[in-house]
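Here is what each chain is made of, one letter per residue.
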Amino acid sequence: HDTKVTFDEIKENASAKIRQQMAQFGMMEVSDEQVESIVARVFSKEEEVRRVSDEVMQAKMLQTFLSHAVAAEQTVGYPDFVKITFSE
């Protein structure tokens, strides 16, 4: 499906998470400059860039899978559910 992650998507994800964490501590009015400064510090570590990139890719892959998956609803009793779920 040619799923790719761009640096802008990685940066947007990191910015959103930083804003969310700051809001949890009551800091609702955070300037873009403050967020960008924190993102720059976070992204100074290669492993953090990779971690956020992986997070964005996982979200994209999940969205792709969900948009192409076909769910079949089935009503079963408990014994049949156990048999279906745990059968080998």
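Residues numbered from 1 in each chain as written. Predicted model: local features only at pLDDT ≥ 70, side-chain atom pairs only at ≥ 80, totals over all residues. Heavy atoms only, no water.

Attention now moves to the nonpolar core. Within the largest apolar cluster, ten residues are counted, these being Ile10, Ala14, Ile18, Met22, Val30, Val35, Val39, Phe43, Val52 and Val56. The set of elements that each furnish at least two residues to this core consists of α1 (7–24), α2 (32–42) and α3 (46–68). Looking at which element gives the most residues to this core, the answer is α1, with four residues. The residues contacting isoleucine 18, other than those within four sequence positions of it, are Val35, Ile38 and Val39. (Core = buried A, V, L, I, M, F, W, Y, C linked by side-chain atoms within 4.5 Å. Buried < 20%, exposed > 50% of the residue type's maximum accessible area, 1.4 Å probe, protein only. Helix = DSSP H or I, 4+ residues; strand = E, 2+ residues; numbered from the N terminus. Contact = heavy atoms within 4.5 Å.)

What follows deals with the packing of α1 against α3. The packing of two helices is summarised by the inter-axis angle and the distance between the axes. One can describe the packing of α1 onto α3 by two numbers: an axis separation of 9 Å at closest approach and a directional angle of 100°. Between α1 and α3, the crossing angle belongs to the class labelled roughly perpendicular. Only Val49, Val52, Ser53, Glu55, Val56 and Lys60 of α3 make contact with α1, whose side of the interface consists of Glu9, Ile10, Asn13, Ala14 and Lys17. Considering only residue class, the contact of α1 with α3 consists of five nonpolar, two polar and four charged. (Axes fitted to C-alpha atoms, helices over the stretch in contact; angles between N-to-C directions. Parallel < 35°, antiparallel > 145°, perpendicular 65-115°, else oblique. Nonpolar A, V, L, I, M, F, W, Y, C, P; charged D, E, K, R; others polar.)

A separate point is the packing of α1 against α2. Packing of α1 against α2 leaves a shortest axis separation of 10 Å and a crossing angle of 115°. It follows that α1 is roughly perpendicular to α2 by the angle criterion. As for the relative orientation of α1 and α2, their crossing is right-handed in sense. Seen from α1, the contacting residues are Lys11, Ala14, Ser15, Ile18, Arg19 and Met22; seen from α2, they are Asp32, Val35, Ile38 and Val39. Partitioned by chemical class, the residues of the contact of α1 with α2 number six nonpolar, one polar and three charged. (Left-handed = near helix turned anticlockwise from the far one by under 90°.)

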